[in-house]
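Examination of the molecular architecture
Listed below, chain by chain, are the residues.
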Amino acid sequence: MPKLPHSWSWRLSAFSSIETHFDIKTLPSFHLRLLSSSSSSSLGVPSHEHIAHLILDQKSAETALQTFQWASKLPNFTHSQSTYRALIHKLCAFRRFNTVKELLDEMPTSLGVPPDEDILVTLVRGLGRAQMIRDVIKVLDLASRFNNTPSLKIFNSILDVLVKEDIDLARHFYRKKMMSTGVQGDDYTYGILMKGFCLTNRIADAFKLLQLMKSSPVKPNTVIYNTLLHALCKNGKVGRARSLMNEMEDPNDVTFNVLISSYCKEEKLVQALVLLEKSFTMGFVPDVITLTKVLKILCNVGRVAEAFEILERVESKGRVVDVVAYNTLIKGYCRIAKVKLGQRLLKEMEHKGCLPNADTYNILISGFCESGMLDSAFDMFNEMKTDGISWNFVTYDTLIKGLCSARRMEDGFKILELMEESKGGSGGRISPYNSMLYGLYKENLLEEALEFLYRMKNLFPRAVDRSFRILEFCEEGRVEDAKRVYDQMTGEGGVPGVLVYDCLIRRFCLEGCMREAVELMNEMIGCGYFPVASTFNVVISGFCTHGKLGSALKLMEDMVGRGCILDGGCYSPLIDAFCRMGNTQKAVMLLLQMLQKRIIPDDLTWDSVLLCLGKEREWLKSKKILHVNSLLQWIIET
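Bear in mind the structure is a predicted one, so any value in this text is a computation, not a measurement.

Here the focus is the pattern of salt bridges. A complete count under the given rule lists 29 salt bridges for this structure. Between Arg 507 and Glu 511 there is a salt bridge, and its shortest N-O distance comes to 3.3 Å. On the basis of relative accessibility, which here comes to 17%, the residue Arg 507 falls in the buried class. Because the salt bridges share partners, they merge into one network encompassing Asp 168, Arg 171, Arg 202 and Asp 205.

Look at helix H15 (residues 269-281) against helix H16 (residues 288-300): their axes get within 11 Å of each other, and the N-to-C directions meet at 140°. With respect to each other, H15 and H16 are oriented oblique. The two elements H15 and H16 cross, and the hand of that crossing is left-handed. When H15 is examined against H16, the residues Leu 269, Leu 273 and Leu 276 are found in contact with a partner set consisting of Val 294, Ile 297 and Leu 298. Across the contact of H15 with H16, the residue classes tally to 6 nonpolar, no polar and no charged.

Relative to the elements of secondary structure, Val 539 occurs in helix H30 (residues 533-545). A sequence separation of 18 residues divides Val 539 from Met 521, and the C-alpha atoms of the two residues are 9.3 Å apart. Once residues within four sequence positions are removed from consideration, Val 539 is found in contact with Ile 505, Cys 509, Met 514, Val 518, Met 521 and Leu 555.

The subject of this paragraph is the confidence of the model for the protein. Summary statistics for the protein give a mean pLDDT of 87 and a share of 89% for residues scoring 70 or more. Ignoring residues within four places in sequence, the model shows residues 1-26, a span with pLDDT below 50, making 38 contacts including any to other chains. Here residues 28-43 scores under 50 on pLDDT; set against residues more than four positions off or in separate chains, the count is 27 contacts.

Moving on to the packing of aromatic side chains. Aromatic rings in a pair are described by how distant their centres are and how their planes are angled relative to each other. Under the defined criterion, the tally for this structure stands at 16 aromatic pairs. The interplanar angle of 55° and the centroid separation of 6.3 Å between the aromatic rings of Tyr 501 and Tyr 529 together place this pair among those described as tilted. Here Tyr 529 lies in the loop between helix H29 (514-526) and H30 and Tyr 501 lies in helix H28 (residues 498-510), a separation of 28 residues in the sequence. Looking at Tyr 501, the relative accessible area reads 2%, which means it is buried. Given a relative accessible area of 7%, Tyr 529 falls into the buried group. Among the aromatic residues, those joined into a cluster by ring pairs are Tyr 438, Tyr 441, Tyr 486, Tyr 501 and Tyr 529.

Running from N to C, helix H17 (residues 304-316) and helix H18 (residues 323-335) point in directions that differ by 160°, and their axes come no closer than 9 Å. Looking at the two axes, H17 sits roughly antiparallel to H18. Crossing hand, H17 versus H18: left-handed. Of the residues in H18, those touching H17 at Val 304, Ala 307, Phe 308, Leu 311 and Glu 315 are Ala 325, Tyr 326, Leu 329, Gly 332 and Tyr 333.

Before going further, it helps to spend a moment on unusual backbone geometry. Of note, the phi angle at Asn 76 is positive, near 70°, even though the residue is not glycine. Judged by relative accessible area, Asn 76 falls into the exposed class, the value being 64%.

Another aspect to go through is the environment of Tyr 326. Assignment of secondary structure puts Tyr 326 in helix H18. Sequence-distant contacts of Tyr 326, that is, excluding residues within four places in its chain, are made with Leu 311, Glu 315, Val 321, Leu 345, Met 349, Lys 352 and Cys 354.

Okay, the side chain of Asn 434 next. Its place among the elements puts Asn 434 in helix H24 (residues 431-442). Judged by relative accessible area, Asn 434 falls into the buried class, the value being 2%. Asn 434 has contacts with Met 456, Val 495, Pro 496, Gly 497 and Tyr 529, leaving out every residue within four places of it along the chain.

What counts, and at which threshold
- Residues numbered from 1 in each chain as written.
- Predicted model: local features only at pLDDT ≥ 70, side-chain atom pairs only at ≥ 80, totals over all residues.
- Heavy atoms only, no water.
- Salt bridge = Lys/Arg side-chain N within 4 Å of Asp/Glu carboxyl O.
- Buried < 20%, exposed > 50% of the residue type's maximum accessible area, 1.4 Å probe, protein only.
- Axes fitted to C-alpha atoms, helices over the stretch in contact; angles between N-to-C directions.
- Helix = DSSP H or I, 4+ residues; strand = E, 2+ residues; numbered from the N terminus.
- Parallel < 35°, antiparallel > 145°, perpendicular 65-115°, else oblique.
- Left-handed = near helix turned anticlockwise from the far one by under 90°.
- Contact = heavy atoms within 4.5 Å.
- Nonpolar A, V, L, I, M, F, W, Y, C, P; charged D, E, K, R; others polar.
- pLDDT = per-residue confidence, 0-100.
- Phe/Tyr/Trp six-rings, centres within 6.5 Å; stacked < 30°, edge-to-face > 60°.

So this is what it looks like as structure tokens:
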């Protein structure tokens, strides 16, 4: 037996004779202090609570047993139901059920009383965790042997284990072992069964149980109703759940949270707001998760001011609103281009003691970028550092994307450099680098873009290799091979860069595959890469070459609607095509549009129009040609 540390002042003259392998040094210092402090008492006997804690703190079944045996030899100390329960709990955790049986058998002799119901419940739960379902049910026989009649608490604990394993087995147990023997369940019994039916989507059985309870002495309580409400909502039967709520005598905050959240999930805003108002009227306040869902659905439809009012109302009723709810509202302001109001809300939440996180700043940086307020985005970026909030990948990625979309390439490269110097870098994510390629593409710096793509090879060898293969295949006219590599790339979750899209679109147009070119352009836009005029022009020229002038005009209108600035390369193929068709009116109309936008037609366009007009006597006699000449003279003069 190891000697006790000198600082341990427990006065036990007989302790040195104890035969045990238990090392007292392994006792947690906290419990040593507890035991040491009790030495000041005249008896010097630790409490049952102290010993139970010591047993539960052990890391193995062996040390738990040794602790129990050590305590049993302490002078004036006798084990109790609580210390046995602690040891049995620990042994069950390590599946030492044979040892547990021995302990249970010795309790009537050692304590003078059999194991109480709490010990048997502990055994039931331990067997349940070990999935020894047959042995769980046999605890009833054990209880009968010790206590004559098992208590309802033991029945319920067995039922709870069976429900998690097999609802049919649990229902059989309830009918054969409880109902047939005259055991009357309580609300906890019915709650366990209701939970089992709902977890297995046995909604019909759940309703039968509800009806059974209504005709029994144990009436369904709020927990029973809420369990069924939640199951109905999970299965998309929110209307039925709302009807069920009307049967409830005492709906609580959980009732409203479940239903309001479900209405939000189904985007049924009106119903969600009606229930929210009813919850306020009845004195309930939604939890912060439900509140956030309401704020989100309101912000999604642009009703941000109303969302703000609800947030303030919830706060006025004492509910603490977290940063996620505020971020949802700030994002809503950014969506409707009121980023300044979102920034003001940031200050308000700080004053109320809710500290912003990186997501808060990232949302505002994104909002400022999308609104074209790049300097304000930079201010938020710098403010993060001032407030001690670390920049993360989303911060860098968002700002780089905004800067490159606005053609501020120099600033974009600076932020990219900061990201690469940071601890995490890009974390293997290619999106900021694709944003840089997009910026170079928008500036028509294609040589620089190709050079940047090549430099990316060290970081993203697979993506870069595939990109160059696609570019080479397109250059060689092997469009099928290029598309095959593209499909392989996207099929594996890769995101092609803008150069890949541009090159494939051009090659499809040259091959006359206009449908594929348009589909690819739509994918390009879906990835956030809006084609520049030169890419659009290739598609328009392709449509014109294949006589699809209607499609070309529609694409031109779409370009204007998306804010694209048209150039001569867009108008020239259309005017030439209309002239070749003899549609002088359409050709001149497009020429007038060019001149009004101060776009100078090239010689080929003028030759086409003049040749077409020369064949049309009616047009030569009209004043329209004079109008064209006057516009041209005005452009030359200005």
